[in-house]
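Commentary on secondary and tertiary structure
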Amino acid sequence: MTNIRTRSAWPVVAAAALLIFGQAACGRGSSDDDDSDDGGPSQGAASSVGGSGASPSGGSGNVGGAVNSDGGTGGAPTTGGTAPGGMAGSVSGGGTGGMGGMGGPSKPIWPDGRGPSVPFTAYEAEAMDTNGMKTVPTRAFGRISGESSGRQAVTLSANGHQVAFQAKEASNSIVVRYSVPDGGHDYWTTLSVFVDGQSRGKLELTTRYSWTYGGDDVFNKPQQEDKGIGNEHHFYDEAHALIGDIPAGATVVLRKEADDTAPNITVDLVELELVGGPLPQPAGSLSLTECGAMPDDDKDDSGAIQECIDQAQSLNKVLWIPKGKFQSYTKTLSAKGLTVKGAGMWHSSIVGFHAQFDCWGTGACKYYDFALFGDTLLRDDASPETGFRGNLSNSVIQNIWIEHLKVGIWPSKGSGPLTVASIRARNLMADGVNLYNGAHDSIVENSHFRNTGDDAIAAWSDTWESPGPSRSNVFRKNYIQIPWKANCFGIYGGQDNKIEDNVCADTVQYPGMFFAAQFNSHPFTGTTEVNRNTLLRAGGNAYNHTHGALKFHADQGPVGNVKVNNLDIIDATNSGVHVQGGNTVDKVWLDTVTITNAGQGAFFLNAFAIGSLDAVKVVSSGGNPGVVNDSGGKFNLIKGEGSTGW
Ligand SMILES: [Ca+2]
Ligand SMILES: [Ca+2]
């Protein structure tokens with residue numbers, strides 16, 4: 001069915017919105033306690049689409065083309081049974097031969113000019129040499145492959161199992177995306193790292209931030225941690241470390257040794273990066289240590305950091321975060337018109353549950369070159385847990401690493417302009433960046449998002465006490481991987497927003513790009529432009545529905561004024577382009593779009609879909625290239641010049 005909505009999410013959204021308003025009105029004094037400015041767009045998004053918790057059917061969701069090279073099964077998750085956690089169970093009896101001749105891409109395929117320029121190189125585990133077992137590729141929800149980059153990983157289940165690969169470039173750091181069986185929030189284990197045969201120590205692994213349970217209807221409830229309700233998902237987390245020089249051509253090995261005691265360790269991918277030394281302290285800046293903050297001692301620095309923030313503001317100085325790990329355990333940090341700089345995202349970090357900055361007053365908060373490593377264990381939309389929030393007008397967030405928070409960046413309504421550049425937002429419980437309710441003239445660029453628990457990048461034009469639609473925002477040159485819920489891009493109404501030169505890969509349950517009249521959004525006005533993007537293995541199954549890679553959902557109202565140019569949709573899990581909802585979709589133009597190896601058709605027009613869509617130079621090939629039209633003739637797909645294959 002289309003257009004079914006449950007209202008259960010609305011009280012949550014409304015509560016969050018109220019708190020946002022309260023924060024804006026109260027300023028800093030109360031903001032430490034009640035500044036809940038995240039809340040809910042996409043949680044809204046996810047929960048209000050309709051349906052109840054049932055796990056999506058794997059079925060057609062696994063058709064998606066080249067990835068499913070597992071010998072003619074159509075990619076259906078048929079092998080492996082149900083080992084604990086649904087992970088090792090996906091290991092095929094075929095052992096290391098699973099990928100056949102494909103070899104596995106060591107990095108995604110996208111046209112030049114799309115995606116960010118990043119300093120790291122990614123290596124997919126399934127392309128490495130291994131004596132472990134490659135997982136069977138699948139798009140199915142609840143299977144570890146389904147949440148894997150490239151939809152495949154390698155499980156090391158015995159001592160001595162390893163993955164090995166050659167570093168293409170000189171490096172000195174490592175990031176490992178891994179999964180281990182759920183041991184709870186206090187479970188820590190290790191994985192051994194070797195370079196050219198020499199030990200480089202052990203990475204610390206944990207299940208503190210991974211593993212969520214239940215269907216679509218419990219994602220924001222306490223039961224999300226209850227193993228007993230099954231439906232496990234959200235398997236992955238990441239470890240990172242500076243491990244000393246790795247020459248180009250060196251052999252890097254990740255091995256499960258006897259004292260790496262997890263029952264098994266699944267490795268999805270590795271990133272290597274040559275990290276520069278710590279940046280120097282800016283002249284005239286105020287260092288955290290001058291206020292008594294002490295790094296690397298596991299003792300709370302919240303008070304000292306706030307003292308330094310207050311001093312830096314009154315003295316009009318830059319606040320300096322030296323090299324080291326500072327703790328913010330007890331108090332969210334409140335800034336106003338402040339510039340904060342660190343020694344680099346690998347060198348300076350603020351850690352702990354309150355590794356969060358609230359910007360208040362007139363905004364103008366600028367943050368550069370450090371990391372926020374939070375301690376959010378579950379999704380609770382009554383709790384803020386947002387890395388950067390508040391009035392982010394005339395603000396900058398650049399070269400920042402955000403991890404293990406609920407939300408990365410969520411400006412208060414009406415914020416802008418904000419520049420978000422070259423950030424890494426990973427392993428979150430909800431959105432990466434949400435330009436909420438009237439956020440305007442802001443840019444999110446050259447950034448990397450992975451494993452967000454909701455939209456990686458959203459513009460939610462909520463109408464609640466709104467200053468107007470979210471407008472004139474630009475999302476460009478980003479690389480988004482594997483949101484474990486919701487979309488790479490979620491655009492809920494708005495005016496004149498642009499999505500350009502991005503790459504989105506491996507959405508687990510939902511579209512790569514989602515344009516929806518939903519969550520009481522303003523209408524789509526002006527022109528929403530979507531230029532030169534790539535969607536790889538996007539789309540998925542949720543709420544008992546198959547979702548296309550590019551989706552228009554006229555849920556609460558019409559969707560239109562959207563121009564899509566130069567889009568490549570590759571190996572869509574379901575349809576390439578999807579139209580749903582009982583309201584009109586019109587003034588949607590596709591021009592120069594390739595749809596390759598779609599699982600469910602180039603187009604999927606839901607029952608009750610009405611309106612029209614213009615498709616010029618839309619070329620579909622491979623997979624299921626045709627049109628699935630359930631609209632009963634009420635939706636007019638206009639096949640323009642140069643369109644073939646469907
Ligand atoms: Ca992988
Ligand atoms: Ca400390």
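Scope of this entry: the structure provided in the associated data block. (Residues numbered from 1 in each chain as written. Chains lettered and ligands numbered in written order. Predicted model: local features only at pLDDT ≥ 70, side-chain atom pairs only at ≥ 80, totals over all residues. Heavy atoms only, no water.)

A short note on the overall build of the chain
In terms of helices and strands, the chain carries four helices and 47 strands. A burial count over the chain gives 62% of its 646 residues as buried. In the chain, 77% of the contacts between residues at least 6 apart in sequence involve partners at least 24 apart. Here the chain displays about 20,000 Å² of accessible surface, and carbon together with sulfur accounts for 52% of that area. (Helix = DSSP H or I, 4+ residues; strand = E, 2+ residues; numbered from the N terminus. Buried < 20%, exposed > 50% of the residue type's maximum accessible area, 1.4 Å probe, protein only. Contact = heavy atoms within 4.5 Å. Areas by Shrake-Rupley, 256 points an atom, 1.4 Å probe, with all protein chains shown as cover.)

Notes on the coordination of the calcium ion (ligand 2)
Protein coordination at the calcium ion (ligand 2) comes from Met294 (O), Asp297 (OD), Lys299 (O), Asp301 (OD), Asp301 (OD) and Gln327 (OE1), with a distance range of 2.3 to 2.7 Å. Coordination at the calcium ion (ligand 2) is irregular: its six donor atoms span angles of 50 to 176° at the metal. Looking at Asp301, the relative accessible area reads 3%, which means it is buried. (Donors = N, O, S within 2.8 Å, 3.2 Å for Na, K, Ca; no water. Tetrahedral: all angles 85-135°; square planar, octahedral: opposite > 155°, others 65-115°.)

Some words on the packing of aromatic side chains
Following the criterion strictly, the structure yields 23 aromatic pairs and no others. Here Phe373 and Trp401 contribute two aromatic rings whose centre-to-centre distance is 5.5 Å and whose plane-to-plane angle is 80°, an arrangement assigned as edge-to-face. Of this pair, Phe373 sits in strand β19 (residues 366–373) while Trp401 is found in strand β21 (residues 395–403), placing the two residues 28 residues apart along the sequence. Pair check on accessibility: Phe373 and Trp401 agree, each one buried. Centre to centre, the rings of Tyr492 and Phe514 are 6.0 Å apart; their planes meet at 75°, and the pair counts as edge-to-face. (Phe/Tyr/Trp six-rings, centres within 6.5 Å; stacked < 30°, edge-to-face > 60°.)

A word on the nonpolar core
Grouped together as the largest cluster of nonpolar side chains are 86 residues, with contacts concentrated most on Tyr367, Phe388, Phe515, Phe552 and Leu613. The dominant element in this core, judged by the number of residues it contributes, is strand β43 (residues 584–598), at six residues. Beyond its immediate chain neighbours, meaning those up to four positions away, Tyr367 contacts Ala335, Val340, Phe357, Cys359, Phe388, Leu392, Val396, Ile397, Gln398 and Ile400. With 29 residues, the next largest nonpolar core counts Val180, Leu191, Val252 and Val267 among its residues. (Core = buried A, V, L, I, M, F, W, Y, C linked by side-chain atoms within 4.5 Å.)

Considerations on the coordination of the calcium ion (ligand 1)
Taken together, Glu124 (OE), Glu126 (OE), Glu126 (OE), Ser149 (O), Gln152 (O), Asp268 (O) and Asp268 (OD) make up the protein donors of the calcium ion (ligand 1), found 2.2 to 2.8 Å from the metal. Sequence positions of the donors to the calcium ion (ligand 1) reduce to the motif E-x1-E-x22-S-x2-Q-x115-D. Of this pair, Gln152 sits in the loop between β3 (133–134) and β4 (154–156) while Asp268 sits in strand β11 (residues 265–273), and the two are 116 residues apart along the sequence. Take Gln152 and Asp268: they sit in the same class, and that class is buried.

Focus on the pairing of strand β20 (residues 386–390)
Of all five residues that make up β20, five are buried, and the element is covered over most of its length. The sheet contact formed by strand β18 (residues 357–359) and β20 spans three bridges and is parallel. Residue pairing for β20: Phe357 is matched across the bridge by Phe388. Pairing between β20 and strand β22 (residues 407–411): four bridges, direction parallel. Bridge pairing in β22 links Thr386 to Val407. (Pairing = 2+ DSSP bridges.)

Description of the side chain of Lys551
Residue position: Lys551 is located in strand β40 (residues 550–553). Despite its burial, Lys551 remains without a salt bridge, the nearest opposite charge being carried by Asp555 at 8.9 Å. At 2.4 Å, the side chain of Lys551 forms a polar contact with the side chain of Gln580. Those residues in contact with Lys551 that lie beyond four places of it in its chain are Pro511, Met513, Phe514, Phe515, His578 and Gln580. (Lys, Arg positive; Asp, Glu negative; His and termini not counted. Salt bridge = Lys/Arg side-chain N within 4 Å of Asp/Glu carboxyl O. Polar contact = N/O pair within 3.5 Å; in protein donor to acceptor, adjacent residues only side chain to side chain.)

Structural notes on helix α4 (residues 302–315)
Taking 1.5 Å of rise per residue, 14 residues should cover 20 Å, and α4 covers 20 Å from first to last C-alpha, within 8% of that figure. Taken residue by residue, α4 has Ser302, Ala304, Ile305, Gln306, Cys308, Ile309 and Ala312 as its buried positions. Taken from the residues just after α4, Asn316 is the one with a positive phi, measuring 55°. (Expected span 1.5 Å × (residues − 1).)

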